[in-house]
Structure formats: structure tokens, C-alpha cells
4 protein chains.
Amino acid sequence: MKKGVMRPGHVQLRVLNLESALAHYRDLLGLIEMDRDEQGRVYLKAWTEVDKFSVVLREADQPGMDFMGFKVIDEDCLNRLTQDLLNYGCLIETIPAGELKGCGRRVRFQTPSGHFFELYADKEYTGKWGLEEINPEAWPRNLKGMRAVRFDHCLLYGDELQATYALFTEVLGFYLAEQVIDDDGTRVAQFLSLSTKAHDVAFIHCPEKGKFHHVSFFLETWEDVLRAADLISMTDTSIDIGPTRHGLTHGKTIYFFDPSGNRNEVFCGGDYNYQDHKPVTWLAKDLGKAIFYHDRVLNERFLTVLT
Amino acid sequence: MKKGVMRPGHVQLRVLNLESALAHYRDLLGLIEMDRDEQGRVYLKAWTEVDKFSVVLREADQPGMDFMGFKVIDEDCLNRLTQDLLNYGCLIETIPAGELKGCGRRVRFQTPSGHFFELYADKEYTGKWGLEEINPEAWPRNLKGMRAVRFDHCLLYGDELQATYALFTEVLGFYLAEQVIDDDGTRVAQFLSLSTKAHDVAFIHCPEKGKFHHVSFFLETWEDVLRAADLISMTDTSIDIGPTRHGLTHGKTIYFFDPSGNRNEVFCGGDYNYQDHKPVTWLAKDLGKAIFYHDRVLNERFLTVLT
Amino acid sequence: MKKGVMRPGHVQLRVLNLESALAHYRDLLGLIEMDRDEQGRVYLKAWTEVDKFSVVLREADQPGMDFMGFKVIDEDCLNRLTQDLLNYGCLIETIPAGELKGCGRRVRFQTPSGHFFELYADKEYTGKWGLEEINPEAWPRNLKGMRAVRFDHCLLYGDELQATYALFTEVLGFYLAEQVIDDDGTRVAQFLSLSTKAHDVAFIHCPEKGKFHHVSFFLETWEDVLRAADLISMTDTSIDIGPTRHGLTHGKTIYFFDPSGNRNEVFCGGDYNYQDHKPVTWLAKDLGKAIFYHDRVLNERFLTVLT
Amino acid sequence: MKKGVMRPGHVQLRVLNLESALAHYRDLLGLIEMDRDEQGRVYLKAWTEVDKFSVVLREADQPGMDFMGFKVIDEDCLNRLTQDLLNYGCLIETIPAGELKGCGRRVRFQTPSGHFFELYADKEYTGKWGLEEINPEAWPRNLKGMRAVRFDHCLLYGDELQATYALFTEVLGFYLAEQVIDDDGTRVAQFLSLSTKAHDVAFIHCPEKGKFHHVSFFLETWEDVLRAADLISMTDTSIDIGPTRHGLTHGKTIYFFDPSGNRNEVFCGGDYNYQDHKPVTWLAKDLGKAIFYHDRVLNERFLTVLT
């Protein structure tokens, strides 16, 4: 938050078939369908999110992530960060307000890792879904499926982690919460935070640029992770791994795939941290335990199936 | 309970090294060490059990289960069941009171599946561990590790399931709670109950007689299953699979190995049933989901690693 | 189970208004409406119950319990128990099959405490609600409200506890699982079990005969108790106390009232016991902690509001 | 965090007897004793906290809070905020480094509500208790009692809420996360946050200045709240209310008293928020539900017992 970047605000995902994707994100994950646009994109959000949408689904020939957007505190901040990005040598594309319905002007840039990110300051304020503004109840009664609480973070695979790290920390004000270091002391995974969360965005080294590993949604409890696992089974959804715990972040988690092959995570818990905390460090030789704390071995799929 | 057999009372396990086994069963599972005998055997129990012991560890060259014992309601019942077993054609061995410290006369027989079982009516009543008799607190404060609640059941592998089923139901009064049926309608797994539990003992077909798959201990909650998983990792204990849920019984579970290679389960929840319930049936073609409800595939290890 | 009485099978409750009662038991507790009869009674059950109904609502001028029914293992048992009750001096009323839809012949008697009970051997087998017979999923996806798992027990207030105890243990085969004893050694509360449950029916002494304290439904987890508490608040349902734990049984619980003033409990956990366990004993001077383990004081309402 | 104030860093509490206070905060809450000083003060911290201490106990004739301290990001920030406080008209007292062992220079001021607060930039970094720096396990195995995760916030009672609000938001960079508004639109409770937490400090109006309502510690799960409740009962600790949920923040909570009469809270969950969220508003006429979501009535004790 040091530079005014506040939180992950949205992610646009490519899906092969919109209706099966909707059945997945809306009926299974429990996101709320908020709107559609003339391009055919569908806008969804998790119930605790106060802005209009956090997930945009776009039908395409290839799955993957188009871009991830961060909300900044105000227009002044957006202008300042735009200039900072330009000064840092980034190419900037400005997308006009309304290109995403209800969203203000977005400033898009590409990281050295090959991923597209956006900053924006305004989005239509719709409030928490299903709750009154005054005397709000604990939760809305009509949630579906996994009842995802919020879009939490993305994990991305790409190269040039050090340059990407520099951009995120020096220009955008993220700090390093957790990392994996190989035998040479090279950082091969970096979990970057804006808040007390263990990651708002994370990167793992891979030789190919711009790959998408997973989009993650927060759940409230370990019981909810079990419930998610049960629903994955009941709906014949493709599972990756879980329920289990991570070594990194110590979050409790389950991974699975949307019908287009994009990996999803739902998780709960996980360590908190502040910017004055030393980064939590795991050694690459112990990557199995770092990723899957209980099994202590990686499944090949987790490292290689990307979109 | 129709014939007076009440519950699983004990299991004697062979371990390769007594001290490492104790570190496992006492410090990790949280069983209480209750006694040792001149043969060097160690007696343990879980904290909610009112009788003196439920697990006996015997040092031996090969891991596995020596026998499993069931408590019957009284001496008359023991005498009657002994006669019933003889009438049914079983060979009977009577082990005198005191051969296991604090345990009365035991009547031992072998099932067609090749496993040894015992019946007994008396065991020293020590009460729940760590609680007062009057105004008992909710739980004792000094439990270790996984804080296992009780010895719950064994799962055994062997042949002649039908004959074993007949013996357990007709002579001993168990009823069939759950089963797996293959394409020919042959029962290849049978979960037998004396109570409202989904199994007090279970058998899965395998061509070799007398094999031991696992001994299972009850935990209170899904949080406790996570805690068990964490402890398995922290102690570098060999894990099999979990945390996950079973399709059969729907229990929430994790499997791991003692230092001798005997498989253990700790689990919570699971369906209840009464003797008038139709048996729950899973099809062998769906065995993956029947065993591991979330992954929906079997790991080879689960089917083949036996002691 | 020693005499063939298997479990609590149903309870008939008097409610002042059927539709508001239905909104409560169906929409809030999550019972399934199964049938209605020409008397206007409504039949409900919890989703795990295999028989057709467990709760019958009858509109009347006064709230309270008409009767509680226990299922016995078969007709022979029902005949034998009828004779045993007559021999014991009970007055017997036989209600013909079909008087409750789908239920066989019922044998009704009154306890010295002033309550009416029934025994029956047959009820239409409908199976667990919302699950397939083969390869059943872990739970059905369309449950409402608290998602009550089963009708578990009733707690009744009345006098002549000792005579009632004798009838339940000697004739019907219940055993004493837990009790409260006053300074004179007189039992003032008795929790009677047929199984490993801490109570299938319970009695607390009060000078007036035939009073109803609460009907209790089982939930799966402490998270579910919280969810029940939240729903009680969201629906402006009258709460009695909780979430909390009992000292007796150590169950985790919450109490509230149906629109007619009948007290309900939903709870999870609680100790298990077998018939060879010594009864758990609490002292009447510590009744506050025995009933409400955390607060350690009784609220007057819990002792005096009866229907 | 807009002004560089990072988080609640410590609270100094007055206790009537140090040893009984230690038994409470160390053995029951599970804080770690870190140090003592020549004044006889005892320093404790919760296991996830990376700095040396967060709770200081001082023996005194009257219970209550001496002061609460916030950590700021660095010395420059501390200097700037000192000047801002002076400019705002606050009296400032500077306490030299080392007056609290391991803590740098502290800048103390009094709020219009009558409470003393401090800012500091440095404290000895001891890391999370019981975990390795590299490849940290999920949790340390030797935690005691409630296993408190972190010192979370204080709730204070006093007058001049509006002036106090102005000081915290304008000078110190807090934002208003939740509030209670009376019929006149006057804010009678204000929950102020630096992060995504629902409160880092909170104030409720009362005519007397400088009163202490409670110090709160975070737990991980609702199971842990139950465990805390059980431990409160087992140790005959004075309970206030719970386990329950708040309407405000929706946290799951239990309140109790230390042996000196200072109120403690342990809680889990609770809503998150960002600075662009509209404050959550409850109406004073619904204060019962706002405070105790399940009971929906206040107990007199909660409003009047202060130290």
C-alpha cells in the first residue's frame, strides 16, 4: 500500500465455452453474476466484494488469463503511478472508462515475466451482495456452491522474476512476503503483498513467459475447504490436489480446474504479515513440502499444467 | 450387539522396534501408555476408553496384526458364543486370564479370511484417562499429539469374504453396514458393525489370507484431522493419503504408517446406521470414489501395501 | 438394545399454528416435509433418516408433546415387549397401522413420569433423502436452513423418576448413561440410552407430570451450531441459550423455541458410551456447570419454561 | 497505513498480582513470557508476533490499561508523526529507548477520550516463537492453553469520540471501518483500522474518560473459541459472555476476565475491509444485536464493568 495500490480488483479469464464456465464459476464456486457486455463477456463477483465485479469471463480459443487488475486509492494516485511506470520504462496502454462495464479508466502494462496487469481507481460500488447497508447480517442466505468469499490472488509462471520483483516493489509498493530460494540463492518463487495477506500476486519461475497457474478465492474455514472438495466430487469437476495445507503461507487449500483447464484454488487461513516482517523463506530443495505440506512431494501436474 | 458382542476391545500389533513404535503411538497418536509385561509388550489406550488398554505392541521380526479382540457383555455370553463358534466349526483356543495384564479369559478363533480374533468379557476398568469420575471436564489437558479419542476398527485383507461374513453375522451378531459389489454381484468389501458405527471391523478381498491393512483411531473433528496431518509432516512420518473423505462411510480421514510399516488411520465423522438400514452399496467399478471420495482414483499403495 | 428397542423413531408435537410451525421445522431446521394426513397433521424427517418420518406436527390449543415413539427390531419383539409392559402393570393402548401414515401398529403406554410413549416395528422405508441408493454422495445439495441430521432425543420433565427409570431399564432395555444426583443421593436427572449415544431419552425431576422440555436434533459440527445460531438471529427466532457446551454429555449445543413455545435443541458431538460404562455422574450442587459448561450458572428460563 | 502507522504493537496492563496474572496470560491464554525488567514488569507476546513483546504486565493497586502502543514504519515516520501531533495540539511525552526492554524511543500522547497511546518505530526482532526462519512449520508444538495467535486490538470507553476520531483519522491515518449511530446520528461507537482488520482500536462512548473495556487476542478458528471456552471453565476463570458472534465485525468471540478484573477477548474470523469500503453501520437502537448477534440483548455487565 506504500504507493497507493490497494488490492487485487479483477482478473479476466479466457474460457472455451461461456455457459460451462458460468456453471463452474457461478454455480460451483458461488460467484454472483453481475452483468454481461456487448462483447459477450460475463462479470461476476464474490459476495463480500463491494465493487461491481472481480472476475470477467471471455470466450476464446485458448484458456488463460488476459490480465489482472489492481485498484488504487484515487485518480491522483493512478496518474502518479502511470508516470512512475513510464519513468521506469514500461509501455503503457490506457483503456477508457466503460470498456469494462462500471469500471473507470484502466492503465495497462506488461511485466518482464510476460503478464498483463492493470491499475484503476474507480469501479461502481455495489456493496456486499445480499446484505443490508445498515445492521448487516453475518452472511446472505442464498449463496451457492462453495460460497467463495473473495477473489484473493493469482499465481503466475514466467521468467525474469528479479526484474518483475523490482517493478512490483519499487514502482507499485508491494513487499516480499514469502519466497523460495534455490541452491545459488536465486529466488525462484516470490509472493508479493500489499496488505497483511501472504500474497496479492505470486510468481514462480518458468522459462516461458506469461503463463497462468491459478486464480485463487478465499473461503472462511477448513470446513468450507472440505465442502468445496465434496462439491468438486459431486459435480465431477477435475481435481488437482487437496484438501491439504501449503508450507508456503500455511494456507489450507484445494486445487481444481474449470472446464477450460484453467486452474482454480479455494483456500482458507494462511499466515498474516506486515511489511516489516522478514520474508518467509523456503529452500527449493524442499519445494515439495513448501507447496504441499502434508504430502511433501510435488505432483508433476502442479508444475507443468499451465494455461 | 444381537449376540452380546459389544465393541472392538483391543488389537495386538507387531512392531520392529518397540521404542520407535512407542514414540509413534504414544507421542504422535497420543495414546496413553498404561502398562508393560514380562514379555516386553507395551499396553496403551486412547483417553476416552474406560478399560485398561486397547492397543498392545509386541516387538517382532515382521510387522502386522497378531489378533483383534472384541468385548462381550458378560461371562455367560462368552460361554454361549464359545459354544456357538464350536458348533459353527471353528477351532477355539482359550487364553487364560492375565496373559494380557488386566484382561480376563480370551477365546481365540481364526476366520476363513485368515485373521485371528478374540472374545473376552472382562478387562480392568480404569475409567477415562485424566478425568474425574464425578463432574468430569470436557477433556483432559495433558493429551499429546493427535489426541486419539478411541481405537475404532481394523480393516483387514483376505480371501473367503462370504464365509467370513457368515461367521460374523450369524454367530457373532454383526450386521452389514456397507459393501462394495463387483460386476458379478460378488461382495469384495464388507464393513461390519455391532453398533451405529459404519464399521467395527471391515474386510476387503485379496487372494492372500490374513493380511492387515490398517488400524483406525477416532478423532473428534475435521480440524483434528488437519492437526494430525500437520503433525505427520512435522515428525517426518510416512503419509499414505489425506486429509480426504471416504465415499464408503463418508468419514473424513488421513492414512499414514508407523515406523514398522503398519498403516494407521485417524478419522472423524462418518455415517451412522442401525441394523434395519439397508447396507450402503458402492460398485467396484467406482472403487476409486468409494475409497477416496475427492480424488476419485486409487493410489496403488493403498491396495498393495499390507502387513 | 438388550430388549430389541432400537432407536427414537418419532415425536408428535402440538403447535398453535401449522404454517408457522412448518416454516420453523422445515425452512429453519431443514427437516423435509414428507406427507400430510386427513387430520391435518404434517409429517417431516431429517435427511439421514431412512424411515418415512420422525416429526409429526399437530395443530392444537396448547403446545407440548403428544408422544414419543421408539422403533423395535421386529413384530415378535413388539409382541414380547407388549406382554412385558402388561406384566409390569402398564396400561397399553394399541393404535392400528396407518393411523400415522406409513407407520405400522403402535403400542402406547404412559410412564410414571406422566409421558406417553409408543413402540412400533414397521415404518415405510424411504431411504436417506436426496441420496442415491448406490454410490451415495456425502450429502444432498438442496438442504435448507440448519440441515438437521436426525431427530436425536427428547428431554422430559416429570416426577417419579425412579419408577420411570425402572420401567425403561428393566422392561425396555435402556441403560443409564448419565445422571445428576442430589445431596441425598437421589437421582434428579437421568439420561437413558439404547446405543452409544449419551441419551435417547432423558428425564429431569419436576413436581408436575408429563411436561416437555425439548426435542433435540443432531448436527454434524460445531461450525453447524454456529450456523444454526446465525440463522436463529437472521430469522428473529426466540433463542434460549447458546452456542455453548453441556457438562452432561459434553455435547455442543444451542437452544431456541418454535413459534408455539416448544423448546428445540440442535447439537453436535457429545460423549459416546457403552452399556458397561459406569454412568457419568454430576452433582446437583454443580447443576449450573452440568447443564451449561461455560457459563456455569443456570438461566431460570431453562428450568421453568416447559410445554 | 496512510500515515505510516502500521499496527498495534503493545499494551501495558495493570494487574493486582503479577503471579496470578502470569498464570492467566501465559498459561491460559498461551502468551510466551519473553522478559522481565527491574521495575518488575513482565513482557509477553503471542507466538506469531515477530517483535519481542506485545503485552506488558505491571503490578499496581488498580487494574486497567496504562497505554497502548502502535508501531510505525520507521524513524522518519515517527519524527513526522510527532510533529503532526504537536501541530494538532497534542501534548507529547518522549520515553527513551530501553525504558521498555528491547523497544526504541516512544512518543506518548493522550487522546480526547482520555487514553494514553504511544508510537514507536523499533523493537527487537525475535521472529515467530518456536518456528525456524527457513522452512517454517505450520505451528510450534509447545503452545499452552488458548494458543493466542496475536494481540489484536483494544476496545476503550471514554467521551469525546468525535475529537478522538479526528485525531486518529486525520493525524494517524486510521480509517473508520464500523460504527454505531444513535437516533440523532451521533456516532457512539467507532472501530478504527490501519489495515484490512475490522478494528485496530475501537472506542465506545461513556461519560467517564480513559476507561478500559478489553484487550483482544486473535485465535485461528471457531474450534479454538470453543477450546478457549472449555479452558475458561476448567480453570474457573470468570466468564463474561460467549462463545458467540458479534454483529459488528461479525467476529466469533468469547469474553472473560483476568484475575484483576481486566476484560479479555479471544476471537476468530470477522469481516475484512479496505479504506474505500463504506463504514459498516449499526443503529444504537439495535445495539444488542450489534454486540451479541445471537442473544440480541446486552448483558448489563458488558456495558458497565470497566477498568
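Residues numbered from 1 in each chain as written. Chains lettered and ligands numbered in written order. Predicted model: local features only at pLDDT ≥ 70, side-chain atom pairs only at ≥ 80, totals over all residues. Heavy atoms only, no water.

Per UniProt, chain A carries the name Metapyrocatechase and comes from Pseudomonas sp.. UniProt annotates chain A under Cofactor with the comment "Fe(2+)". The record held by UniProt for chain A lists under Sequence similarities the comment "Belongs to the extradiol ring-cleavage dioxygenase family." (UniProt positions renumbered as here; feature names shortened; annotations may be inferred.)

**Q** What am I meant to see in the relation of the copies chain B and chain C here?
**A** In summary, the two copies of the chain are related to each other by a rotation about an axis coupled with a shift along it. Rotating chain B by 180° and moving it 0.0 Å along the rotation axis overlays it on chain C with an RMSD of 0.0 Å. The transformation relating the two chain copies, once decomposed into turn and shift, fits a two-fold axis. Here 98% of the contact residues of chain B are again contact residues in chain C; the copies associate through an equivalent surface. (Least-squares fit on C-alpha atoms with pLDDT ≥ 70 in both. Contact = heavy atoms within 4.5 Å.)

**Q** Looking at this structure, I do not really get the interface of chain B and chain C. What am I missing?
**A** The figure often quoted for interface size is the accessible area lost as the parts come together. With 42 residues of chain B in contact, the opposing surface of chain C contributes 41 residues. Surface buried jointly by chain B and chain C totals about 3,700 Å² across both partners, of which 49% is contributed by carbon and sulfur atoms. Sorting the residues of chain B by area buried against chain C places Asn135, Tyr272 and Tyr274 of chain B first, and these three jointly supply 16% of that buried surface. Here chain B and chain C share ten salt bridges between them. In this structure, Asp276 of chain B engages Lys71 of chain C in a salt bridge whose closest nitrogen and oxygen atoms are separated by 2.7 Å. Residue assignment for the side of chain B that touches chain C shows that the elements contributing at least two residues are strand E1 (5-15) and strand E17 (280-283) of chain B. If one sorts the elements of the side of chain B that touches chain C by residue count, E17 of chain B sits on top with four residues. Taken together, the residues of the side of chain B that touches chain C sort by class into 16 nonpolar, nine polar and 17 charged. (Buried area = accessible area lost by both parts, 1.4 Å probe. Salt bridge = Lys/Arg side-chain N within 4 Å of Asp/Glu carboxyl O. Helix = DSSP H or I, 4+ residues; strand = E, 2+ residues; numbered from the N terminus. Nonpolar A, V, L, I, M, F, W, Y, C, P; charged D, E, K, R; others polar.)

**Q** Even after reading the chapter, I still don't get the domain arrangement of chain A, so can you show me in this structure?
**A** All names here are of chain A. When cut into domains, chain A gives domain 1 (3-118) and domain 2 (152-302). If you average the C-alpha positions of domain 1 and of domain 2, the two centres end up 20 Å apart. Buried area between domain 1 and domain 2, summed over both chains or domains, comes out near 2,800 Å², and the portion from carbon and sulfur atoms is 74%. The three residues of domain 1 that bury the most area against domain 2 are Leu28, Tyr88 and Pro112, which together make up 20% of that side's buried surface. At the boundary of domain 1 and domain 2, one finds twelve residue pairs in polar contact (both at pLDDT 80 or more). Of all elements in the fold, only strand E1 (5-15), helix H1 (18-28), strand E5 (64-72) and helix H2 (75-88) reach the threshold of two or more residues within the side of domain 1 that touches domain 2. When the residues that make up the side of domain 1 that touches domain 2 are grouped by side-chain class, the tally is 24 nonpolar, eight polar and four charged. (Domains from an automatic or database assignment. Polar contact = N/O pair within 3.5 Å; in protein donor to acceptor, adjacent residues only side chain to side chain.)

**Q** Help me understand the relation of the copies chain A and chain B, please; the structure alone is not making it clear to me.
**A** Aligned on chain B, chain A shows an RMSD of 0.0 Å; the corresponding rotation is 180° and the shift along the axis is 0.0 Å. Of the residues that chain A buries at the interface, 100% are likewise interface residues in chain B, meaning the two copies contact each other through the same surface.

**Q** Just to check I follow, could you spell out the UniProt feature "domain: VOC" in chain A for this structure?
**A** Residues and elements named next belong to chain A. According to UniProt, the "domain: VOC" feature falls on residues 7-122 and 150-269. Taken as a whole, residues 7-122 contains 22% helix and 39% strand, while its terminal C-alpha atoms sit 13 Å from one another. Along residues 150-269 the backbone is 20% helical and 46% strand, and the end-to-end C-alpha distance reaches 13 Å.

**Q** So what exactly am I meant to see when it comes to the UniProt feature "binding site: Fe cation" in chain A here?
**A** All names here are of chain A. When the UniProt feature table is mapped onto this chain, "binding site: Fe cation" is found at His153, His214 and Glu265. A maximum C-alpha distance of 9.5 Å is found for the annotated residues, which run over 113 residues; spatially they form one tight group. You can see His153 is positioned in strand E9 (residues 150-158). A residue is classified by how much of its surface remains accessible, and His153, at 1% relative accessible area, is buried. In this structure His153 touches Met68, His199, Asp200, Val201, His214, Val215, Ser216, Glu265 and Phe267, once residues within four positions along its chain are discounted. Within the element layout of this structure, His214 appears in strand E13 (residues 211-218). If we ignore the near neighbours within four places in the chain, the residues touching His214 are His153, Cys154, Leu155, Tyr255, Arg263, Asn264 and Glu265. A polar contact is formed between the side chain of His214 and the side chain of His153, at a distance of 3.5 Å. (Buried < 20%, exposed > 50% of the residue type's maximum accessible area, 1.4 Å probe, protein only.)

**Q** How should I be thinking about the interface of chain A and chain B in this particular structure?
**A** The interface is formed by 20 residues belonging to chain A together with 20 residues belonging to chain B. Surface buried jointly by chain A and chain B totals about 1,900 Å² across both partners, of which 48% is contributed by carbon and sulfur atoms. Counting across the interface, chain A meets chain B through four salt bridges. The shortest N-O distance in the salt bridge between Asp236 of chain B and Arg296 of chain A comes to 3.9 Å. Counting across the interface, chain A meets chain B through nine residue pairs in polar contact (both at pLDDT 80 or more). Looking at the side of chain A that touches chain B, the elements that each hand over two or more residues are helix H4 (222-234) and strand E14 (239-245) of chain A.

**Q** Help me out: how do you make sense of the sheet that holds strand E6 (residues 93-95) of chain C in this one?
**A** Strands belonging to one sheet form pairs held by backbone hydrogen bonds; the direction of such a pair is parallel or antiparallel. Residue and element names in this part refer to chain C. Read from one edge to the other, the open sheet built from eight strands follows the order E2-E3-E4-E1-E5-E8-E7-E6, with strand pairing classed as mixed. Each edge of the sheet is formed by a strand with only one pairing partner; in this case those strands are strand E2 (32-36) and E6. Here the average twist between neighbouring strands, direction ignored, is 25°. Examined bridge by bridge, strand E7 (residues 106-110) and strand E8 (residues 116-120) share five bridges and lie antiparallel to one another. Paired with Arg108 across the bridge in E8 is Glu118. (Pairing = 2+ DSSP bridges. Axes fitted to C-alpha atoms, helices over the stretch in contact; angles between N-to-C directions.)

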